[in-house]
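# Results of the structural survey
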Amino acid sequence: MENVLSKIANEGFLVSPDLKIEPQHIEEFLDFIKKLQPKPFLISNQIYQDFLKDKQQEIKYVILKHTEKRPEIKTRVKIKKNYTKTSKKTSISDWVTYYFDRYNRLRNLLQNREELRGVVSIGRAKKMDGRQNVLLIGMIKDVRNTFSGTKIITLEDPTGYIDVSLKKDEVSKLGDEIVADEVIGVVGVKSKDFVYAEKIIFPEIPARPIKKAEEEVYAAFISDIHVGSCVFLANEFKQFLDWINGKIGSKEQKDVASKVRYLFIGGDLVDGVGVYPGQEKELLIKDIYEQYKEIGKYLSQIPKDIQIIVIPGNHDALKLAEPQHPLFKDIAAPLYDLDNVTMLSNPAYVNIHNIGKFPGFNVLMYHGVSFDHIVSEVPKLRKFGYTRADKIMEFLLKKRHLAPTHGATRVDPTPQDFLVIDEIPDIFTSGHIHYTSVGRYKSILTLNSGCFQDKTEFQLKLGHNPTPGRIPIFNLQKNQAKIMRFR
Ligand SMILES: [Fe+2]
Ligand SMILES: [Fe+2]
């Protein structure tokens, strides 16, 4: 033990007397603490426990075969969050547990905010006499507009609820962005039965530095391939496969292709069967098993040194309620048969390229069904229609939730609200709206991966203008994404 502790001290760390470490873990543990940001002052047993927890999450570390034309680059995928349970019958008490969990997780995030030091429960605030300053954290039960241009929010926590009045200037600053069921902080003054808000605080994303990998390596993001649809763009998809195999493109584009080691697929791999009324008329492949066989054939052509990470979408063959578990092993067998594919839930959270001293990029993958509701319900975002997924993703990052309002997407009331964004990603990627975009919110890169499906009759009716065949390619060394066009 003495020897183990001196190894840690020799690396310039102070060792806490409570640290009890298994000697066989020393090298890996040293590697772990060297990557921690900020650098810890004291190495405690708690840090060792965090290391053990992190170690358990790692279920895939493979060095895949590389072909001669492609340089040898190590890859690593660590699954951080993956919901694998299938759904069960739910009751009212499941919903109560679900919303309690959401409230508690978001409350914990808000409590760290300087402005909310000294927060009190709503029950206690209601008992306050006279006019007093008050700090609250609650879930929005209801939002109403008044004739005078102010807003009244009914805020709820486990101890009760209270009406919060929002002044006109605060309404114009962020009123458009306030939605039912989200959890917010309120800085205000309590008088009689009301709280007059001076400031509304969202859980938000703190400022963090942007990460950059040590070597030149790329990740490609695709989604909404819709294999089986009459308007699946097979030629464009084949071009994408030709490019990634180094067969087409300029010298520079071929060089990039040879260094792609991660491919994210954000759902709607196939068009599905019976997804909307009259869909059968728009299907080229009418059998769901055949649709997955076809996408399996395409993905088998991806070079074997590329890690493919797949989540489902609303067109895939499984329940719609989120979190959606990974695709079924029988229906999607042609994908499970591929060694370089990792099948995950929607949403999912993975870390890629934790190689050498680089801690890797944390990637939040979400198909994006809640975007439909947000585009139609949030006035500030309605004006962009389906063209600015980056703005929608920014909105969700501020709220730290993928579908804040009840009914924004179908939800399974799991004991823990899987849609809370409690870990801050480096990349947030989505699909579903078939419109490619690249944006950044603070340190987080926000990507929507577009589609490989032409405009459908259904989209024509809704006035959507998809951008097929345009995909974001991310340079891990520069922390920069560029859109590549295959159409
Ligand atoms: Fe789609
Ligand atoms: Fe979709």
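Please read all numbers here as calculations on a predicted model, not as lab measurements.

## Notes on the overall build of the protein chain
- Within the protein chain, the secondary structure is distributed over 14 helices and 19 strands.
- For 487 residues, the compact-globule estimate of 2.2 N^0.38 gives 23 Å, and the protein chain sits close to it at 24 Å.
- With respect to the three principal axes, the spread of C-alpha positions in the protein chain is 75 × 70 × 45 Å.
- Once local pairs closer than 6 in sequence are excluded, the contacts in the protein chain between residues at least 24 apart make up 67%.

## Points about the sheet that holds strand E18 (residues 470–475)
- Across the sheet, which stays open at both edges, the 6 strands sit in the order E12-E11-E10-E9-E18-E19 with mixed pairing between neighbours. With one partner strand each, in any of the chains shown, strand E12 (341–343) and strand E19 (480–485) form the two edges of the open sheet. The average angle at which neighbouring strand axes cross in this sheet is 20 degrees, direction not considered.

## Quick word on helix H1 (residues 2–10)
- Of all 9 residues in H1, 0 are buried; the element is thus mostly exposed.
- Positive phi shows up at Gly 12, right after H1, with a value of about 90 degrees.

## Some thoughts on the pairing of strand E15 (residues 427–430)
- Going residue by residue along E15, you find Ile 427 and Thr 429 tucked away on one face and Phe 428 and Ser 430 tucked away on the opposite face as well.
- In this structure, strand E14 (residues 361–366) lies alongside E15, joined through 4 bridges in parallel fashion. Along E15, the bridge assignment pairs Tyr 366 with Ser 430.
- In the sheet, E15 pairs with strand E17 (residues 444–448) via 4 bridges, with the strands oriented parallel. Of the residues in E17, the one forming a bridge with Thr 429 is Leu 447.

## Overview of unusual backbone geometry
- Cis peptide bonds are those with omega within 30 degrees of zero, and the linkage from Glu 322 to Pro 323 qualifies with 0 degrees.
- Turning to its location among the elements, Pro 323 is positioned in the loop between strand E11 (307–311) and helix H10 (333–336).
- Here the residue pair Asn 346 and Pro 347 is connected by a cis peptide bond, since its omega of -5 degrees sits within 30 degrees of zero.
- Structurally, the position occupied by Pro 347 is in the loop between E12 and strand E13 (348–352).
- Positive phi outside glycine occurs at Asp 224, with the angle close to 50 degrees.
- Position of Asp 224 relative to the elements: it lies in the loop between strand E9 (218–222) and helix H7 (234–244).
- Phi is positive for Asn 479, which is not a glycine, with a value near 50 degrees.
- On the secondary structure map, Asn 479 appears in the loop between E18 and E19.

## Re the environment of Phe 264
- On the secondary structure map, Phe 264 appears in strand E10 (residues 260–266).
- The exposure class of Phe 264 is buried, given the 27 C-beta atoms found within 10 Å.
- Measuring from C-alpha to C-alpha, the distance between Phe 264 and Val 363 comes to 9.7 Å, with 99 residues separating the pair along the chain.
- The residues touching Phe 264, leaving out its near neighbours within four places in the chain, are Ala 219, Phe 221, Ile 309, Val 363, Met 365 and Thr 429.

## Quick look at the environment of Phe 194
- If you trace the backbone, Phe 194 turns up in strand E8 (residues 194–201).
- Sequence separation between Phe 194 and Lys 167 is 27 residues, and the spatial gap between their C-alpha atoms is 13 Å.
- In contact with Phe 194, other than residues within four places in its own chain, are Asp 163 and Ser 165.

## Remarks on the sheet that holds strand E3 (residues 77–82)
- Pairing within the open sheet is mixed, and its 6 strands lie in the order E3-E13-E14-E15-E17-E16. Since the sheet does not close on itself, it has two edges, and those belong to E3 and strand E16 (437–441), each with one partner. Taken pair by pair, the neighbouring strands of this sheet meet at an average axis angle of 20 degrees, ignoring direction.

## What to know about helix H8 (residues 251–258)
- Among the residues of H8, those classed as buried are Val 256, Ala 257 and Ser 258.
- Buried positions along H8 lie against E9, H7, E10 and E18.

## Focus: the domain arrangement of the protein chain
- According to the domain assignment, the protein chain consists of domain 1 (2–57), domain 2 (77–87 + 207–485) and domain 3 (114–201).
- With centres defined by C-alpha atoms, the gap from domain 1 to domain 3 works out at 44 Å.

## Let's talk about the pairing of strand E4 (residues 132–145)
- For E4 and strand E7 (residues 183–191), the ladder comprises 8 bridges, and the chain directions are antiparallel. Opposite Asn 133, over in E7, you have Val 189 as the bridge partner.
- As paired strands, E4 and strand E5 (residues 151–157) are joined by 6 bridges and run antiparallel to one another. The residue bridging Arg 144 from the neighbouring strand is Ile 152, located in E5.

## Digging into the packing of helix H11 (residues 370–377) against helix H13 (residues 389–399)
- Interhelical geometry of H11 versus H13 gives an angle of 95 degrees and a closest axis separation of 11 Å. It follows from the interaxial angle that H11 and H13 lie roughly perpendicular. Two secondary-structure elements touch here, H11 through Phe 371, Ile 374 and Val 375 and H13 through Ala 389, Ile 392 and Phe 395.
- Its residues placed into classes, the contact of H11 with H13 shows 6 nonpolar, no polar and no charged.

## Describing the nonpolar core
- Leu 136 and Leu 263 are the most contacted members of the largest nonpolar core, which has 109 residues in total.
- Among the elements that line this core, the one with the most residues is E4, at 6 residues.
- A domain split of this core shows at least three residues from each of domain 2 (77–87 + 207–485) and domain 3 (114–201).
- Discounting chain neighbours no more than four positions away, the residues touching Leu 136 are Val 119, Val 120, Ile 122, Ala 125, Leu 155, Val 186 and Val 195.

## Remarks on the environment of Arg 117
- Its place among the elements puts Arg 117 in the loop between helix H4 (92–111) and helix H5 (122–126).
- The spacing of Arg 117 and Leu 136 is 19 residues in sequence and 9.9 Å in space, taken between C-alpha atoms.

Conventions used here
- Residues numbered from 1 in each chain as written.
- Chains lettered and ligands numbered in written order.
- Predicted model: local features only at pLDDT ≥ 70, side-chain atom pairs only at ≥ 80, totals over all residues.
- Helix = DSSP H or I, 4+ residues; strand = E, 2+ residues; numbered from the N terminus.
- Rg over C-alpha atoms; globule rule 2.2 N^0.38 Å.
- Contact = placed C-beta atoms within 7 Å.
- Pairing = 2+ DSSP bridges.
- Axes fitted to C-alpha atoms, helices over the stretch in contact; angles between N-to-C directions.
- Buried ≥ 20, exposed ≤ 12 C-beta atoms within 10 Å, placed from the backbone.
- Domains from an automatic or database assignment.
- Parallel < 35°, antiparallel > 145°, perpendicular 65-115°, else oblique.
- Nonpolar A, V, L, I, M, F, W, Y, C, P; charged D, E, K, R; others polar.
- Core = buried A, V, L, I, M, F, W, Y, C linked by C-beta atoms within 7 Å.

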